[in-house]
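Each chain is listed here by its residues.
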Amino acid sequence: MSELSFEELLQEEKPVHVRQGQVIDGEVISVKPDELVVNIGAKADGIVTAAEYSNNPVDLTTVVNPGDTITVKVLKSNDGDGQVLLSHKRVAAEKAYAELEDAFNNGTILKGKVTQVLSGGLNVQVSECRVFIPASLVSDTFERDLSKYLDQEIEFVLTEYEPRKRRVIGNRKKIVAEAKEKAAAELFARINVGDTVEGTIKNITDFGAFVDLGGADGLLHISEMSWGRVDNPKKIFKVGETVKCFIKEINGSKIALSLKFDDQNPWLHAEEKYAIGTVVTGKVARMTDFGAFVVLEPGIDALLHVSQISFDHIEKPSDVLKSGQDIEAKVVDIRIPEKKISLSIKALLKDRNPEEPEEKKEVEEEAPVMEAEEIADSIPVDAALAEAAEEAAEEAPVEAAAEEAAEEAATEEAPAEDAE
């Protein structure tokens, strides 16, 4: 090994002169939670604070080790204490801005982490650059609460890029819409009427629930939620719940869903289960003036007519029944094609008690006209009054005969007078 001359030794030890704005590589000498000491070959070592390492809070001991090579930018060649002030995040930012400009020009999809949720949108960090996504461009539907995006990685494209004005605007709505269009096309290409599908409850209204099928939403109408009666869909389903149903109809982009599977139709075996003469138990669901509708099982209602509730006269069912009340009755008629079943409590009571009196008639029959002989027999009187009544009855025919003879005589004399 040849020995170096004095001049060569001086040249080798000659420090590097640094200037503000210069980008150089250095070696990390020591690491503290809030500071890095970097050898950049200058008279003094360089210092990188945690604030100049990243825009995000960071413990430097967790991301950097002594001996690591780091690219930095000179902020000050002398910070007043003889040290060189360096920045690592500004080098990363310049590199990131160059990537953003290229992505803006080419429409490249970017990915970043949401670091802040504002009233007007989201701040997304891409390397050391910050991109703002307005609330109207976060999704293809309006979202009142954006807090669910905090700390989430999202994809977007740039619609505006003006770094000098610090105006870098992202658009996630376009990504979401395009993804949905693609998913919808794939969904409609593979589904058919009658197919069983699985989806997630997306929204619930008074008339039904919207189910996300992965590409398009299907409507599960309230009338298709059960073979029984459904009053409030929100009592049956919850948003986010998974549901398995079948496709009842496809009309353009609209999909109608149903949970009323044919093999679960309660009317399939109703004719045997509710044959005439069968005694059943049900719950009063609703009432009208002419009768009460009784639920025998989900999907099968029966009518209990007001005339079949009791042997006593009843104006309306609500006079003796209550909604939700359990009753026992007998099936007196069933018509499967019309899905109608008629019940009777009276028939059940008569079976159990054959001596049960018939229903009282609403209009009393008129009392028969009684002859004189019947009056004497029907009115309780003493002996003298009874005898007088009998004599009056015997004289009545004689007087009637005399009156008839007088009328005949008057009729015969009338023509003679006319002749005169």
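Just above, that's the structure.
This is a predicted model, so every value here is computed, not measured.

What counts and what doesn't
- Residues numbered from 1 in each chain as written.
- Predicted model: local features only at pLDDT ≥ 70, side-chain atom pairs only at ≥ 80, totals over all residues.
- Heavy atoms only, no water.
- 1 Å grid on protein atoms, 1.4 Å probe; cavity = no way out; pocket = protein on both sides within 12 Å on 5 of 7 lines; lining within 4 Å.
- Points joined across faces, edges and corners; volume = space filled by probe spheres on them.
- Helix = DSSP H or I, 4+ residues; strand = E, 2+ residues; numbered from the N terminus.
- Nonpolar A, V, L, I, M, F, W, Y, C, P; charged D, E, K, R; others polar.
- Pairing = 2+ DSSP bridges.
- Axes fitted to C-alpha atoms, helices over the stretch in contact; angles between N-to-C directions.
- Core = buried A, V, L, I, M, F, W, Y, C linked by side-chain atoms within 4.5 Å.
- Buried < 20%, exposed > 50% of the residue type's maximum accessible area, 1.4 Å probe, protein only.
- Contact = heavy atoms within 4.5 Å.
- Phe/Tyr/Trp six-rings, centres within 6.5 Å; stacked < 30°, edge-to-face > 60°.
- Lys NZ or Arg CZ within 6 Å of the ring centre and 35° of its normal.
- Expected span 1.5 Å × (residues − 1).

Caption draft 1: The arrangement of the layout of surface pockets in detail. Here the largest pocket defines a volume of roughly 520 Å³. Along its surface, the largest pocket is lined by 19 residues, and Y97, E128, C129, R130 and R166 are the ones closest to its centre. Only strand 4 (69-76), helix 3 (89-106), strand 8 (129-134) and strand 10 (167-171) provide two or more residues apiece to the lining of the largest pocket. No other element matches the five residues that helix 3 contributes to the lining of the largest pocket. The class makeup of the residues in the lining of the largest pocket is nine nonpolar, two polar and eight charged.

Caption draft 2: Representation of the sheet that holds strand 13 (residues 217-221) in the model. A barrel is described by the order of its strands in space; here five strands give the closed sequence 11-12-13-15-14, paired in mixed fashion. On average, each strand axis in the sheet is inclined to that of its neighbour by 50 degrees, with strand direction left out of account.

Caption draft 3: Up close: the nonpolar core. Y274, L296, I300, L304, I341 and L343 are the most contacted members of the largest nonpolar core, which totals 22 residues. Contributions of two or more residues to this core are made by strand 16 (279-287), strand 17 (291-297), strand 18 (300-305), strand 19 (326-335) and strand 20 (340-344). Take this core: its biggest share by element is four residues, from strand 19. With residues near it in sequence (within four places) discarded, I341 still touches W267, Y274, L296, I300, D301, A302, L303, V331, D333 and I334.

Caption draft 4: Here's a closer look at the packing of aromatic side chains. Using the criterion set out here, one finds four aromatic pairs in the structure. Seen from their ring centres, F207 and F210 are 6.2 Å apart, and the 90 degrees between their planes marks the pair as edge-to-face. Assessed through its relative accessible area of 41%, F207 is described here as partly exposed. Ring geometry for F246 versus F261: centroids 5.1 Å apart, planes at 55 degrees, classification tilted. Of this pair, F246 sits in strand 14 (residues 242-251) while F261 sits in the loop between strand 15 (254-258) and helix 5 (270-273), and the two are 15 residues apart along the sequence. By relative accessible area, which is 21% here, F261 ends up partly exposed. Taking the ring centre of F293 as reference, the NZ or CZ of R286 above it sits at 4.5 Å.

Caption draft 5: Spotlight on helix 3. The end-to-end C-alpha distance of helix 3 is 25 Å, a good match for the 26 Å that 18 residues give at a rise of 1.5 Å each. Taken together, the buried positions of helix 3 are K89, V91, A92, A93, A96, L100 and A103. Where helix 3 ends, the next residue or the one after it, G107, has phi of about 70 degrees, a positive value.

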